[in-house]
Amino acid sequence: VRATRTSPSLSLGVSPRGATALLATARAWAWLGGRSFVTPDDVKALALPTLRHRVQLRPEAEFEGVTAESVVTGVLRSVAVPR
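Remember, it's a predicted structure, so these values are computed and weren't measured experimentally. As a convention, each chain's residues are numbered from 1 in the sequence order in which they are written. Where local features are concerned, this predicted model is filtered to residues with pLDDT of at least 70; where side-chain atom pairs are given and counted, the filter is 80 or more; whole-chain, interface and lining totals use all residues. Calculation of side-chain values draws on the structure's entire complement of heavy atoms; hydrogens and water are dropped beforehand.

Enquirer: Can you help me understand the overall build of the protein chain in this one?
Expert: Helix and strand definitions here come from DSSP, where helices need a minimum of 4 consecutive H or I residues and strands a minimum of 2 consecutive E residues; each element is numbered from the N-terminal end. A count of helices and strands for the protein chain gives five helices and two strands. Along the chain direction, N to C, the helices and strands of the protein chain fall in the order α-β-α-α-β-α-α. Considered along the principal axes of its C-alpha atoms, the protein chain spans approximately 45 × 25 × 20 Å. Relative accessibility thresholds used throughout: buried, under 20% of the residue-type maximum; exposed, over 50%; partly exposed, between the two (1.4 Å probe, protein chains only). Buried residues in the protein chain amount to 27% of all 83 residues. We call two residues in contact whenever any of their non-hydrogen atoms come within 4.5 Å of each other. Relative to all contacts within the protein chain whose residues are 6 or more apart in sequence, the contacts with residues 24 or more apart total 57%. As presented, the protein chain carries roughly 5700 Å² of accessible surface, and 58% of it is formed by carbon and sulfur atoms. Only the protein chains shown count as covering a residue, and every accessible area follows the Shrake-Rupley method with a 1.4 Å probe.

Right under this line is the structure:
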């Protein structure tokens, strides 16, 4: 979430409410999987559907054909998984 706020392609990154939504969906996903804990894979699996509508592209990025999906996917690749 923090990395979306510094992305050069975005004029508006994910808000704290977006972070809370991602946490809630990841918890639900883990529960549906029979676990009482969230894994980084849970967060990665749900980041795109949970966050792509919560960012705003810069007009220049839109003209270049950049999409919200590609930015969120790029951010997911660039952030290291905590150990």
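Enquirer: For this particular structure, what's the right way to read the environment of V79?
Expert: Mapping V79 onto the fold places it in the segment after helix 5 (68-78). Sequence separation between V79 and A3 is 76 residues; the distance between their C-alpha atoms is 7.6 Å.

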